[in-house]
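Summary of the model geometry
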Amino acid sequence: TRMAARMGFGQALLVLLAISTVMPVKDPLLNICMDAKHHKTKPGPEGKLHDQCAPWKDNACCTANTSSEAHKDQSNLYNFNWNHCGLMPPKCKRHFIQDTCLYECSPNLGPWIDQADSSWRRERILHVPLCKEDCEEWWEDCKDYVTCKENWHKGWNWATGTNRCPWGSMCRPFSQVFPHPKDLCEKIWSNSYKYTTEHRGSGRCIQMWFDPAQGNPNVVVAKYYAWKRRSSPAWMENVTHGTAKAACALPWPVLVLLLLALVVVPGGCGCHGWGSL
């Protein structure tokens with residue numbers, strides 16, 4: 001009948017609409033670079049990354065120049081001086097270099113990217129679950145070095161253009177400023193890291209140190225925590241609202257198809273109804 005034909009035509013239009021709107025969607029938490037001072041806009045291979053940053057060369061958020069600067073005592077990256085309380089021993093410094101390489105180069109920190117309120121970056125990392133070994137070895141190799149501050153993100157004297165200990169502060173051993181590995185990893189960069197009892201290779205913690213010949217273990221970790229975050233009620237609420245907004249901002253050819261379908265098929269629905277799904 002004519003009604004059946006009209007309904008069939010409408011259904012065909014709806015199928016075309018579905019096909020036109022189903023596009024490959026990039027996971028917003030995986031394989032991304034944060035919006036910060038020296039990061040690339042998207043990860044990709046680098047021909048050669050310097051020394052300790054080399055494990056990320058196949059897929060990196062940093063450039064070769066950034067990786068080279070990360071190894072300098074007085075780096076141009078942030079004008080930060082590791083030797084603010086005397087010369088930092090090489091066994092300790094290598095952990096800070098590796099920490100910098102992870103921060104600048106890793107494309108696997110998406111689940112922990114958070115908004116930043118500083119002038120030099122729009123995003124930062126927060127509560128990245130660091131593997132037990134990485135945190136404890138960092139503390140062990142640095143416990144005898146001295147520093148004057150617990151939080152290295154803020155509170156320095158920048159009068160000379162580089163960080164110096166604030167007036168009235170005293171240089172003390174790491175083991176006093178940071179009594180436990182957890183204190184070092186969580187406090188030194190304003191909770192960028194979270195101390196965990198998870199071990200390297202568990203798939204549940206981020207490794208600063210890894211052998212690139214065995215692949216990047218942090219890819220699996222990021223996928224796990226991205227899944228956990230997507231499963232949270234807050235994430236689902238944001239996704240639902242985002243879907244409704246996206247539906248209301250369809251390209252005009254798709255809207256034409258939708259309007260035709262609504263004319264032909266009785267009981268069609270509009271954008272606002274989708275928001276309540």
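Here, the structure is the one placed above.
Cut-offs and rules
Residues numbered from 1 in each chain as written. Predicted model: local features only at pLDDT ≥ 70, side-chain atom pairs only at ≥ 80, totals over all residues. Heavy atoms only, no water. Disulfide = S-S within 2.5 Å. Helix = DSSP H or I, 4+ residues; strand = E, 2+ residues; numbered from the N terminus. Core = buried A, V, L, I, M, F, W, Y, C linked by side-chain atoms within 4.5 Å. Buried < 20%, exposed > 50% of the residue type's maximum accessible area, 1.4 Å probe, protein only. Contact = heavy atoms within 4.5 Å. Salt bridge = Lys/Arg side-chain N within 4 Å of Asp/Glu carboxyl O. Phe/Tyr/Trp six-rings, centres within 6.5 Å; stacked < 30°, edge-to-face > 60°. Polar contact = N/O pair within 3.5 Å; in protein donor to acceptor, adjacent residues only side chain to side chain. Pairing = 2+ DSSP bridges. 1 Å grid on protein atoms, 1.4 Å probe; cavity = no way out; pocket = protein on both sides within 12 Å on 5 of 7 lines; lining within 4 Å. Points joined across faces, edges and corners; volume = space filled by probe spheres on them. Nonpolar A, V, L, I, M, F, W, Y, C, P; charged D, E, K, R; others polar.

A word on the state of the cysteines. The tally for this structure, following the rule as stated, stands at eight disulfides. In this model Cys 85 forms its disulfide with Cys 171; the gap between the sulfur atoms is 2.0 Å. On the sign convention where negative is left-handed, the bridge of Cys 85 and Cys 171, at about -80 degrees about the S-S bond, is left-handed. Taken together, the residues span a long stretch of sequence, with Cys 85 in the loop between α2 (64–69) and α3 (90–105) and Cys 171 in the loop between β4 (146–147) and β5 (172–173) at a distance of 86 residues. Here Cys 148 engages in a disulfide with Cys 165; their sulfurs sit 2.1 Å apart. Disulfide Cys 148-Cys 165: the torsion about the S-S bond is -95 degrees, which places it as left-handed.

Right, let's get into the nonpolar core. Among the nonpolar cores identified, the biggest contains 50 residues, and Phe 96, Trp 138, Trp 152 and Trp 189 are the most heavily contacted of them. Of all the secondary structure elements, the ones that give two or more residues to this core are α3, β3 (128–130), α4 (132–142), α5 (174–177), α6 (181–187), β6 (193–195) and α7 (218–230). Sorting elements by how many residues they give to this core places α3 first, with seven residues. Excluding residues that lie within four positions of it along the chain, Trp 138 makes contacts with His 95, Phe 96, Asp 99, Leu 130, Leu 184, Cys 185, Ile 188, Trp 189, Tyr 193 and Met 208.

The subject of this paragraph is the pattern of salt bridges. Side chains carrying opposite charge are able to pair once their charged atoms draw close together. Tallying each qualifying case throughout the model produces 12 salt bridges. Of the charged contacts in the structure, one is a salt bridge between Lys 40 and Glu 46, with a shortest N-O distance of 2.6 Å. With relative accessibility at 17%, the residue Lys 40 sits in the buried group. In this structure, Lys 72 engages Glu 69 in a salt bridge whose closest nitrogen and oxygen atoms are separated by 2.9 Å. When its relative accessible area of 7% is taken as the criterion, Glu 69 is described as buried. A single network of salt bridges, built from pairs that share partners, joins Asp 134, Glu 137 and Arg 200.

With that out of the way, let us pick up the packing of aromatic side chains. In this structure the tally under the stated criterion is 19 aromatic pairs. Judged by centre distance (5.2 Å) and plane angle (40 degrees), the ring pair of Trp 82 and Phe 96 falls under tilted. Residue Trp 82 is located in the loop between α2 and α3, and its partner Phe 96 is located in helix α3; the two are separated by 14 residues in the primary sequence. There is no split in this pair, since Trp 82 and Phe 96 are both buried. Here the aromatic rings of Trp 152 and Trp 156 are separated by 6.2 Å at their centres, their planes lie at 70 degrees, and the arrangement is edge-to-face.

For Glu 104, the location among the structural elements is in helix α3. Given a relative accessible area of 1%, Glu 104 falls into the buried group. Side-chain polar atoms of Glu 104 contact the side chain of Tyr 78, separated by 2.5 Å. In this structure Glu 104 touches His 38, His 39, Cys 61, Cys 62, Thr 66, Leu 77 and Tyr 78, once residues within four positions along its chain are discounted.

In terms of residue burial, strand β2 (residues 121–125) counts as a mostly covered element, since four of its five residues are buried. Examined bridge by bridge, strand β1 (residues 113–118) and β2 share four bridges and lie antiparallel to one another. Note on β2: the bridge partner recorded for Gln 115 is Glu 123.

This paragraph deals with unusual backbone geometry. Look at Asn 31: it is not a glycine, yet its phi comes out positive at around 50 degrees. Although it is not a glycine, Asn 79 adopts a positive phi angle of roughly 55 degrees. Position of Asn 79 relative to the elements: it lies in the loop between α2 and α3. Taking relative accessible area as the criterion, Asn 79 reaches 35% and is therefore assigned partly exposed.

What follows covers the layout of surface pockets. Its boundaries defined by the atoms lining it, the second largest pocket holds a volume of some 210 Å³. Along its surface, the second largest pocket is lined by Pro 111, Trp 112, His 127, Pro 129, Lys 194, Thr 196, Glu 198, Tyr 225, Lys 228 and Arg 229. It is α7 that contributes the most residues to the lining of the second largest pocket, three residues altogether. Split by residue class, the lining of the second largest pocket holds four nonpolar, two polar and four charged.

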